[in-house]
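# Per-entry structural report
This is what each chain is made of:
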Amino acid sequence: MRARAVPLVLVALVLGVAAVVVVLHGRGVGIEVLSGDFRDTRYYEVLYDDDATAEDVVEVAEAPSGIAEMDDGTEVRLYGINDQEGGDAEKAAVQVRRPGADPVAKLVPTALEVTAVGDHAVLHSLSGEVTTVEPDGALREITRNGTGADGMIVLEGYEPADGVEPGDVLVGNDQVVTLYRPSTRTVHEVPLPKVDPEILPDVEIADGRIWLVESEPLKVSVRWSTDGEEWSGTEYVPEPRTGPAGTSAHGDALAIVDSTATDMAFSARTLHVVEDGQVRSIDLPERVDDGYLGWSVGDQVLIGYEQTWFRGGPEGLERFDVPGDVFAMAFAGKDLVALGDDEAWTSPDGGDSWDDLDD
């Protein structure tokens, strides 16, 4: 899951399955700090305090930037804060909320995503660093190189995966594309075919299938495989001056959103769904600037940003109401969660009605 150097935030969500990914891209949380002198705020104090605790980060962040739920109902919430004046400082914390127990909060590396994978969860970033989270809040880091420490597994390199399995999660999409395998709690390099070094492909993994999307000026090629050796493919011709801004996979389908750059912003224009070797396309009813792409109830695609949100598929997209400025969606169990800067809301019916997250 990757936005091709554009602000589009992409998340693959499956209702009824605990695997949930939410992206923290350093966007501001606790945004009310901008109304006054940022350096006089509690938020700033925590951000630059070397002794700040995970509980401090949760307090000033106010709302989670990511959320996922394990099979036993344990909820993992990711909180992040960053410099509202453009500095590089950032902090992140994870809060584990196990049924019948007090929440446990711990500081974690920044710029993370959180994914629940059955009986545990994983935190990961585009660089491929992976930390597992247990229901009791215990953390274990998996890294390719480094010095061993308590709870750390040190690997000199990731072994290539022998194909992909249902449940595998894409965790690294930087110099090396990697997956996390929950069944063995190991990280592996994703088996990919040779590609044109001048084309930066998008890679997705869902339900035991690898997707590879390569964009050229006059065509977009889509390939898929279950073992990384035998590949099938199709292609489509994008509209003039547009191209893939992001992808999201679910089951045996892949969603691609094409966008165009206008006024230094990227605007989503067209949705493509690749399924059964066919590409079905639909123009968005309204332009979506920046945005989020994922999957929701009944294999519906979700796409939107702030207060402009649509759900549906190639047969048609309908606009639905959200409770405020929403930048991403997630699932906690079967509830859809809308994530804003300093608020979060939950919906038991796929977005038809909303309540505050902790009501």
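A brief report on the enclosed structure follows. It should be emphasised that the depicted structure is a prediction, and the values quoted were computed from it without experimental measurement. (Residues numbered from 1 in each chain as written. Predicted model: local features only at pLDDT ≥ 70, side-chain atom pairs only at ≥ 80, totals over all residues. Heavy atoms only, no water.)

## Looking at the sheet that holds strand β28 (residues 335–339)
With respect to topology, 4 strands assemble into an open sheet ordered β27-β28-β29-β30, the strand pairing being antiparallel. The open sheet is flanked by β27 (328–332) and β30 (355–356), the only strands paired with a single partner. Bridging between strand β29 (residues 344–347) and β30 involves 2 bridges; their strand directions are antiparallel. Its bridge partner being in β30, Thr-346 is matched across the sheet by Asp-355. (Pairing = 2+ DSSP bridges. Helix = DSSP H or I, 4+ residues; strand = E, 2+ residues; numbered from the N terminus.)

## Section: the environment of Val-133
Relative to the elements of secondary structure, Val-133 occurs in strand β9 (residues 130–133). Beyond its immediate chain neighbours, meaning those up to four positions away, Val-133 contacts Met-70, Val-76, Val-96, His-120, Ala-121, Leu-123, Ala-138 and Leu-139. (Contact = heavy atoms within 4.5 Å.)

## A few points about the side chain of Ser-221
Along the chain, the position of Ser-221 falls in strand β17 (residues 219–225). Setting aside anything within four residues of it in sequence, one finds Ser-221 in contact with Leu-212, Val-213, Glu-214, Thr-234 and Glu-235.

## Quick notes on the sheet that holds strand β12 (residues 169–173)
Taken in spatial order, the 3 strands line up as β12-β13-β14 in an open sheet, and their pairing is antiparallel. The open sheet terminates on both sides in strands that have one partner only, identified here as β12 and β14 (186–189). Geometrically, the sheet is characterised by an average inter-axis angle of 30 degrees between neighbouring strands, direction not taken into account. One ladder, built from 4 bridges, connects strand β13 (residues 177–181) with β14; its direction is antiparallel. Considered in β14, the bridge of Leu-179 is made with His-188. (Axes fitted to C-alpha atoms, helices over the stretch in contact; angles between N-to-C directions.)

## A word on helix α2 (residues 54–61)
Judged by how many residues are buried, α2 sits mostly within the fold: 6 of 8 residues are covered. Along α2, the positions that sit buried rather than exposed are Ala-54, Asp-56, Val-57, Val-58, Val-60 and Ala-61. Buried-residue contacts for α2 involve α1 (42–47), β4 (75–82), β5 (90–97) and β6 (104–108). Looking one or two places after α2, you find Glu-62, whose phi comes out positive at around 70 degrees. (Buried < 20%, exposed > 50% of the residue type's maximum accessible area, 1.4 Å probe, protein only.)

## A closer look at the pattern of salt bridges
Applying the stated rule across the entire model yields 18 salt bridges. Salt-bridge contacts for Arg-42 lead to Asp-56; the nearest nitrogen and oxygen are separated by 3.1 Å. With Arg-42 in helix α1 and Asp-56 in helix α2, this residue pair connects regions lying 14 residues apart in the sequence. Accessibility expressed as a relative area gives 18% for Asp-56, which makes it buried. Here Glu-286 ties to Arg-319 by a salt bridge, and the two come within 2.7 Å at their closest N and O atoms. Pair noted here: Glu-286 is in strand β22 (residues 278–289) and Arg-319 is in strand β26 (residues 316–319), with a separation of 33 residues, a long-range link. You can call Glu-286 partly exposed: its relative accessible area is 34%. Given a relative accessible area of 42%, Arg-319 falls into the partly exposed group. (Salt bridge = Lys/Arg side-chain N within 4 Å of Asp/Glu carboxyl O.)

## A closer look at the packing of aromatic side chains
Per the stated rule, a full pass over the model turns up 4 aromatic pairs. Taking 5.4 Å as the distance between ring centres and 50 degrees as the angle between the ring planes, the aromatic pair formed by Tyr-292 and Trp-309 counts as tilted. A residue pair is termed long-range when its members are at least 10 positions apart, and Tyr-292 in strand β23 (residues 292–295) and Trp-309 in strand β25 (residues 308–313) qualify at 17 residues. Classification of Tyr-292 by relative accessible area gives buried; the value is 0%. (Phe/Tyr/Trp six-rings, centres within 6.5 Å; stacked < 30°, edge-to-face > 60°.)

## A few points about unusual backbone geometry
Even without being a glycine, Arg-185 presents a positive backbone phi close to 55 degrees. Mapping Arg-185 onto the fold places it in the loop between β13 and β14. On the basis of relative accessible area, Arg-185 is assigned to the partly exposed category, the value being 31%. Positive phi is not limited to glycine here, since Asp-276 has a value of about 55 degrees. In this fold, Asp-276 is placed in the loop between β21 (265–275) and β22.

## Quick look at the nonpolar core
By size, the foremost hydrophobic cluster in this structure holds 20 residues, and its most contacted members are Trp-309, Phe-320, Val-322, Val-326, Met-329, Val-337 and Trp-354. Of all the secondary structure elements, the ones that give two or more residues to this core are β27, β28 and β29. Ranked by residues supplied to this core, first place goes to β27 with 5 residues. Counting 16 residues, the second largest nonpolar core, distinct from the first, contains Ala-245, Ala-253, Leu-293 and Leu-317. (Core = buried A, V, L, I, M, F, W, Y, C linked by side-chain atoms within 4.5 Å.)

## Section: the environment of Gly-340
Mapping Gly-340 onto the fold places it in the loop between β28 and β29. Taking the C-alpha atoms as reference points, Gly-340 and Ala-63, 277 residues apart in sequence, are found 7.6 Å from one another.

## Here's the deal with the pairing of strand β8 (residues 121–124)
The two faces of β8 match: Ala-121 and Leu-123 on one face and Val-122 and His-124 on the other face are all buried. Pairing of strand β7 (residues 113–116) with β8 involves 4 bridges; the strand directions are antiparallel. Counterpart to Thr-115 in the pairing with β8 is Val-122. Between the antiparallel neighbours β7 and β8 lie 4 residues, among them Gly-118 with a positive phi of about 80 degrees. Direction of pairing for β8 relative to β9: antiparallel, over a ladder of 4 bridges. Looking at the pairing, Val-122 lines up with Thr-132 of β9.

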